Amino acid sequence: MTVTIARQGEIAVVTVDNPPVNALSAALRQGLWDAADTLDADASVAAVVLVCAGRTFIAGADVTEFGKPPVPPHLPDLVARIEGAQKPWTAAIHGSALGGGLEVALGCRFRVAVPDASLGLPEVSLGIVPGAGGTVRTPRVVGVPAAVDLVTSGRPMRAAKAAEAGLVDAVIQGDLLEGAVTFARQALTRPLPEPASSRPVAAPEAEFWAEQEKAVAKVAKGAAAPLRALACLRKAAEAGFAEAMAFERETFLELRGSDQAAALRHVFFAERAAPRPAALRDVEPLPLRRAAVIGGGTMGAGIAAALRDAGLPVVLVERDDEAVARGMANLRGIFDGAVRRGKLTEAQAAARLAGVAGTTDYAALADADLVIEAVFEEIGVKRAVFEQLARACGPDAVLATNTSYLDPRAIAEGLPNPGRFIGLHFFSPANVMKLLEIVPVPETSDRTLATGFALARALKKIPVRAGICEGFIGNRILKRYRAAAEALVRKGVPIAEIDAAMRGHGFAMGPFEAQDLGGLDIAFLQREGARAAGQDVAETLGDILVRVGRKGQKTGGGWYDYAPGERKPQPSASVAELLAREIAPGAAMSRDQIAQALVAEMAAEGQAILDEGIAQAPADIDLVEIHGYGFPRWRGGPMFATGIRG
Ligand code: NAD
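Because the structure is a prediction, the values reported are computed rather than measured.

Asks: I'm lost on the pairing of strand β16 (residues 435-440) in this one. Help?
Replies: A large share of β16 lies buried, amounting to 6 of its 6 residues. The pairing of strand β15 (residues 421-426) with β16 spans 5 bridges and is antiparallel. Residue L424 lies in a different strand from β16, and its bridge partner there is I438. As judged from the 4 bridges shared by β16 and strand β17 (residues 462-465), these two strands associate in the parallel manner. Considered in β17, the bridge of I438 is made with R465. What joins β16 to β17 is helix α17 (residues 446-458), and the crossover it makes is right-handed.

Asks: Could you clarify how one ought to interpret the domain arrangement of the protein chain in this entry?
Replies: Think of interface size as the accessible area that goes away when the parts come together; that is how it is often given. Domain annotation for the protein chain reports domain 1 (3-257), domain 2 (278-465) and domain 3 (474-613). Computed from C-alpha coordinates alone, the two centres of domain 1 and domain 3 are separated by 47 Å.

Asks: What should I look at first to understand the nonpolar core in this one?
Replies: Core analysis: the largest hydrophobic core is formed by 82 residues, its most contacted members being V14, L32, L50, F57, W89, I93 and L167. Other than its neighbours up to four places away in sequence, W89 contacts V14, L32, A36, L39, V48, L50, I82, C108, R109 and F110. In this structure, A274, L435, F472 and I477 belong to the second largest nonpolar core, which totals 55 residues.

Asks: Help me understand the pattern of salt bridges, please; the structure alone is not making it clear to me.
Replies: Working definition: two side chains of opposite charge can pair if their charged atoms are close together. Counted according to the given criterion, the structure contains 35 salt bridges. Taking the shortest distance from any N to any O, the salt bridge between K161 and D149 comes out at 4.0 Å. Note that K161 is positioned in helix α6 (residues 159-165) and D149 in helix α5 (residues 144-153), a separation of 12 residues in sequence. Accessibility expressed as a relative area gives 46% for K161, which makes it partly exposed. Taking relative accessible area as the criterion, D149 reaches 32% and is therefore assigned partly exposed. The salt bridge partner of R531 is D543, with a shortest N-O separation of 2.5 Å. On the criterion of sequence distance, the pair formed by R531 in helix α21 (residues 521-532) and D543 in helix α22 (residues 541-547) is long-range, its members being 12 residues apart. By sharing partners, the salt bridges in this structure join R527, E528, R531, E539, D543 and R547 into a single network.

About the cut-offs
- Residues numbered from 1 in each chain as written.
- Predicted model: local features only at pLDDT ≥ 70, side-chain atom pairs only at ≥ 80, totals over all residues.
- Heavy atoms only, no water.
- Buried < 20%, exposed > 50% of the residue type's maximum accessible area, 1.4 Å probe, protein only.
- Helix = DSSP H or I, 4+ residues; strand = E, 2+ residues; numbered from the N terminus.
- Pairing = 2+ DSSP bridges.
- Right-handed = clockwise from strand over helix to strand, strands pointing away.
- Domains from an automatic or database assignment.
- Core = buried A, V, L, I, M, F, W, Y, C linked by side-chain atoms within 4.5 Å.
- Contact = heavy atoms within 4.5 Å.
- Salt bridge = Lys/Arg side-chain N within 4 Å of Asp/Glu carboxyl O.

Dropping the structure here:
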């Protein structure tokens, strides 16, 4: 039984039990409907508490019903049924009340929650708007400004904040059910509040909506749902309940069939599948208790911070005392930044830092379960590190390299017990970026591979398995993308026009401004290395800039000029002059054409990567581009966007 009823005196307790997350399946909707009928008919019941078994309240829609014709009872009707019940319902929330789960709770007369519960309407992240009154009841309960935040961002709120906003009537310390029953009983002694649908809502001025529209559009970067959700909220504030419900429904149905919603569902399912590949289902990963990082530079410090965020103690090995101090300072900088942004308290930051032991002594690695190497990108340096690791670490410890371009097989050469070796390619900043490319060598054992995926889960990252080639999946596509962008410049398309086109397409940045931010020298040095090794690498436009010292923002100029201390790119007369001989005048392309052309290049490289078996599925390539390279999520990734699926 998905829904059961028990009694505590005059209070009926309705328990939902639909593992794993109490999703709103048709059976659950029907069960709640029947419970409302039964309890309305029972004169001995004075009030109802709705509670969920397992780890969470109703966490949302049933994803297996996505894209299928809806089965009655429909959710909006169920929410109205609960709201119209003759006895007041109290939703008792633990875990997450998300989407339809929160809408059901909004149909209840009261909501109580444990302190670590979270409540939210994440529909916009799936390209839709709430479809069962979320945009209409929320502003009536919390007011318009708080509703705008909740509905257009899709970000859930913790119970305390929800209580401040009025979304939650009481935060329950201790046993939730007991607290909720007591709350429901006490509520009977006071006049009942109006149901959400009958409450008045203060409608803000037109100016408020104009401001919100601007702010939401800026964050949405082309995603449609957040703005449509805002329009629903405006309707909810300015029209009556029924009219606003009809408007929300219409918007919901239209968006559900949209390309953006299809793309976002694709990404949602790909993200859900990524951390647990079917091939490793029966493989037990190595338990991770202690980790180590070699190298405390940009990547090493970021990786160590990510490991600390996941609660693992970390040993950080550097080459000398000064470098240890620098590495620890890098880490302090990361945690201090988190404090400034309100993500950590001072005390938490101090504890994170205290969990890192900086040292030059490899003996400190004796009991590490996992070691991640992030030293200079030089094969000799890396090999020397792995020789020391082989001596210092236990025979089963997983040994990983964070190399971007070197062949991991060459790094692992001669390593005793090579089954424990693997490439774990993080992205900068490593404590923020969600992507983790997992690169096994032929010797890598299944257990080591499974440990890589388990690490990704512990770090809340999106793991993608990649085969060995230059740049793996992401940097290989990046190289093609940049080359294609340069080819457009050679044809006479202005640099600033290309960047604007990609921003207009939904990227945070265009390819040239992104290079200015990251520095042009890294790719340049890599090409120079290949040239020195006798490879035939054509001169790029970027090379011409680096040769005259234009390495990007850090040198005051790259593809653009920058005023001292400024980050705003200004088209550069010197660049125009430097590249004049390389550029054919005046190819005219619309921004749309530019973006289509560059995405097509990414997809073509993706197809080659698939054909070579470097990536296992088009969806993996989409995840790499979305989580590592800023590809607009609502377009589903380059493969999905160009129709390469499956
Ligand atoms: P970095 O120069 O910032 O840091 C390298 C660190 O390694 C330095 O602090 C150096 O002192 C230390 N080091 C050098 N030799 C050492 C040794 N023998 N023992 C211990 N420590 C040693 O470089 P980074 O940007 O952090 O890159 C590190 C690795 O990560 C490289 O392989 C790079 O290709 C890869 N990577 C970089 C990025 C990026 O965006 N920077 C992204 C992904 C991967």
